[in-house]
Amino acid sequence: MSETADLLSGLALVAFRLNGQFLHVAEGLARPAGMTAAWWQVLGAVLRESLPVAGIARDMGMTRQGVQRIADLLVERGLAEYRPNPAHRRAKLLQPTAAGREAVAKIVPGHQELADRLVGELGLEEAKRCLESLRRLSAALDRLNE
(Lines give C-alpha, C1' and ligand atoms only; values in the text may rest on other atoms or scores of the structure.)
Protein backbone atom coordinates (compact mmCIF):
# COMPACT_ATOMS: atom_id res chain seq x y z
CA MET A 1 0.00 0.00 0.00
CA SER A 2 1.23 3.52 -0.72
CA GLU A 3 2.07 6.10 1.93
CA THR A 4 -1.01 8.16 1.02
CA ALA A 5 -3.28 5.11 1.26
CA ASP A 6 -1.75 4.27 4.64
CA LEU A 7 -2.40 7.85 5.78
CA LEU A 8 -6.04 7.69 4.68
CA SER A 9 -6.52 4.37 6.47
CA GLY A 10 -4.86 5.71 9.61
CA LEU A 11 -6.97 8.87 9.60
CA ALA A 12 -10.15 6.86 9.13
CA LEU A 13 -9.30 4.35 11.86
CA VAL A 14 -8.46 7.08 14.37
CA ALA A 15 -11.66 8.95 13.45
CA PHE A 16 -13.72 5.77 13.93
CA ARG A 17 -12.05 5.16 17.31
CA LEU A 18 -12.64 8.77 18.36
CA ASN A 19 -16.27 8.50 17.32
CA GLY A 20 -16.68 5.42 19.48
CA GLN A 21 -14.90 7.07 22.40
CA PHE A 22 -17.01 10.24 22.16
CA LEU A 23 -20.22 8.20 21.89
CA HIS A 24 -19.27 6.20 24.98
CA VAL A 25 -18.53 9.39 26.94
CA ALA A 26 -21.69 11.08 25.67
CA GLU A 27 -23.84 8.11 26.69
CA GLY A 28 -22.41 8.31 30.19
CA LEU A 29 -23.02 12.05 30.41
CA ALA A 30 -26.55 11.89 28.99
CA ARG A 31 -27.80 8.87 30.98
CA PRO A 32 -28.32 10.70 34.32
CA ALA A 33 -30.49 13.25 32.47
CA GLY A 34 -32.69 10.41 31.14
CA MET A 35 -31.34 10.86 27.64
CA THR A 36 -29.15 9.05 25.13
CA ALA A 37 -26.15 10.46 23.30
CA ALA A 38 -28.21 10.63 20.10
CA TRP A 39 -31.04 12.54 21.81
CA TRP A 40 -28.51 14.95 23.30
CA GLN A 41 -26.86 15.40 19.90
CA VAL A 42 -30.13 16.27 18.14
CA LEU A 43 -31.45 18.43 20.97
CA GLY A 44 -28.10 20.18 21.26
CA ALA A 45 -28.24 21.07 17.58
CA VAL A 46 -31.34 23.22 18.15
CA LEU A 47 -30.49 24.90 21.46
CA ARG A 48 -29.41 28.16 19.80
CA GLU A 49 -31.76 28.15 16.84
CA SER A 50 -34.62 26.00 15.58
CA LEU A 51 -33.72 23.91 12.55
CA PRO A 52 -35.49 21.54 10.15
CA VAL A 53 -34.60 17.85 10.45
CA ALA A 54 -32.61 17.97 7.19
CA GLY A 55 -30.53 20.87 8.53
CA ILE A 56 -29.76 19.01 11.74
CA ALA A 57 -28.75 15.93 9.75
CA ARG A 58 -26.46 17.96 7.51
CA ASP A 59 -24.80 19.76 10.44
CA MET A 60 -24.34 16.57 12.47
CA GLY A 61 -23.32 14.22 9.67
CA MET A 62 -26.32 11.99 10.34
CA THR A 63 -29.01 10.64 8.02
CA ARG A 64 -32.22 12.62 7.69
CA GLN A 65 -34.22 9.50 8.55
CA GLY A 66 -32.19 8.89 11.71
CA VAL A 67 -32.64 12.47 12.87
CA GLN A 68 -36.36 12.28 12.06
CA ARG A 69 -36.79 9.22 14.30
CA ILE A 70 -34.94 10.90 17.17
CA ALA A 71 -36.79 14.21 16.68
CA ASP A 72 -40.13 12.39 16.78
CA LEU A 73 -39.09 10.64 20.02
CA LEU A 74 -37.99 13.93 21.57
CA VAL A 75 -41.35 15.48 20.66
CA GLU A 76 -43.24 12.43 21.98
CA ARG A 77 -41.38 12.71 25.31
CA GLY A 78 -41.97 16.46 25.60
CA LEU A 79 -38.32 17.42 25.19
CA ALA A 80 -38.82 19.19 21.84
CA GLU A 81 -41.60 20.48 19.65
CA TYR A 82 -42.19 21.16 15.98
CA ARG A 83 -42.88 24.74 14.92
CA PRO A 84 -44.00 26.13 11.57
CA ASN A 85 -41.16 27.00 9.20
CA PRO A 86 -41.77 30.27 7.34
CA ALA A 87 -39.18 29.25 4.71
CA HIS A 88 -40.72 25.84 3.93
CA ARG A 89 -44.29 24.81 4.68
CA ARG A 90 -43.61 21.06 5.00
CA ALA A 91 -40.18 21.09 6.70
CA LYS A 92 -41.15 22.06 10.24
CA LEU A 93 -38.57 23.47 12.63
CA LEU A 94 -37.50 21.51 15.71
CA GLN A 95 -36.95 23.43 18.93
CA PRO A 96 -36.39 22.35 22.54
CA THR A 97 -39.12 22.71 25.13
CA ALA A 98 -38.42 23.93 28.67
CA ALA A 99 -38.14 20.26 29.70
CA GLY A 100 -35.62 19.66 26.92
CA ARG A 101 -33.52 22.61 28.05
CA GLU A 102 -33.68 21.33 31.64
CA ALA A 103 -32.51 17.87 30.53
CA VAL A 104 -29.54 19.36 28.69
CA ALA A 105 -28.77 21.58 31.70
CA LYS A 106 -28.42 18.41 33.82
CA ILE A 107 -25.62 17.29 31.48
CA VAL A 108 -23.64 20.54 31.72
CA PRO A 109 -21.75 19.86 35.01
CA GLY A 110 -20.42 16.48 33.84
CA HIS A 111 -19.62 17.91 30.43
CA GLN A 112 -17.66 20.76 32.03
CA GLU A 113 -15.77 18.40 34.32
CA LEU A 114 -14.74 16.18 31.40
CA ALA A 115 -13.80 19.23 29.30
CA ASP A 116 -11.56 20.50 32.10
CA ARG A 117 -9.94 17.08 32.53
CA LEU A 118 -9.33 16.64 28.79
CA VAL A 119 -7.83 20.12 28.41
CA GLY A 120 -5.76 19.44 31.53
CA GLU A 121 -4.44 16.28 29.88
CA LEU A 122 -3.66 17.92 26.51
CA GLY A 123 -3.02 21.53 27.47
CA LEU A 124 -5.13 24.38 26.14
CA GLU A 125 -3.03 25.16 23.07
CA GLU A 126 -2.76 21.50 22.02
CA ALA A 127 -6.52 21.04 22.45
CA LYS A 128 -7.07 24.05 20.18
CA ARG A 129 -4.63 22.62 17.59
CA CYS A 130 -6.45 19.26 17.69
CA LEU A 131 -9.79 20.98 17.10
CA GLU A 132 -8.41 23.03 14.21
CA SER A 133 -6.84 19.91 12.63
CA LEU A 134 -10.13 18.01 12.86
CA ARG A 135 -11.99 20.96 11.30
CA ARG A 136 -9.49 21.13 8.43
CA LEU A 137 -9.78 17.38 7.86
CA SER A 138 -13.59 17.56 7.83
CA ALA A 139 -13.57 20.54 5.44
CA ALA A 140 -11.16 18.74 3.09
CA LEU A 141 -13.42 15.68 3.00
CA ASP A 142 -16.42 17.95 2.33
CA ARG A 143 -14.60 19.52 -0.62
CA LEU A 144 -13.66 16.10 -2.03
CA ASN A 145 -17.26 14.91 -1.77
CA GLU A 146 -18.85 17.95 -3.47
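Calculation criteria
Residues numbered from 1 in each chain as written. Predicted model: local features only at pLDDT ≥ 70, side-chain atom pairs only at ≥ 80, totals over all residues. Heavy atoms only, no water. Pairing = 2+ DSSP bridges. Helix = DSSP H or I, 4+ residues; strand = E, 2+ residues; numbered from the N terminus. Expected span 1.5 Å × (residues − 1). Bend = angle between axes of the 7 residues up to and from the residue. Buried < 20%, exposed > 50% of the residue type's maximum accessible area, 1.4 Å probe, protein only. Contact = heavy atoms within 4.5 Å. Salt bridge = Lys/Arg side-chain N within 4 Å of Asp/Glu carboxyl O.

**Section: the sheet that holds strand S1 (residues 51-52)**
- Ordered by their spatial adjacency, three strands build an open sheet running S1-S3-S2, and the pairing between neighbours is antiparallel. The sheet terminates laterally at S1 and strand S2 (80-83), the two strands that pair on one side only.
- Across two bridges, S1 lies against strand S3 (residues 93-96) in antiparallel orientation. Paired with Pro 52 across the two strands is Leu 93, which belongs to S3.

**Side note on helix H5 (residues 98-122)**
- The end-to-end C-alpha separation of H5 is 35 Å, in line with the 36 Å expected for 25 residues at 1.5 Å each.
- The largest bend along H5 measures about 30° and falls at Val 108, with the proline Pro 109 one to four residues further on.
- Those residues of H5 lying buried are Gly 100, Ala 103, Val 104 and Ile 107.
- Where H5 is buried, its residues contact helix H1 (3-30) and helix H2 (37-45).

**A word on the environment of Val 119**
- Along the chain, the position of Val 119 falls in helix H5.
- Residue Val 119 is classed as partly exposed on the basis of its relative accessible area of 32%.
- Counting along the chain gives 96 residues from Val 119 to Leu 23, while the straight-line C-alpha distance between them is 18 Å.

**A word on the pattern of salt bridges**
- With the rule as written, the count across this model stands at three salt bridges.
- Between Glu 113 and Arg 117 there is a salt bridge; the shortest N-O distance is 3.6 Å. Of this pair, Glu 113 and Arg 117 both sit in helix H5, four residues apart, roughly one helical turn.
- The partner of Glu 125 in a salt bridge is Lys 128, and the shortest N-O contact between them spans 3.9 Å. On the criterion of helical spacing, the pair formed by Glu 125 and Lys 128 is a turn pair, its members being three residues apart in helix H6 (residues 124-144).
- You can call Lys 128 partly exposed: its relative accessible area is 47%.

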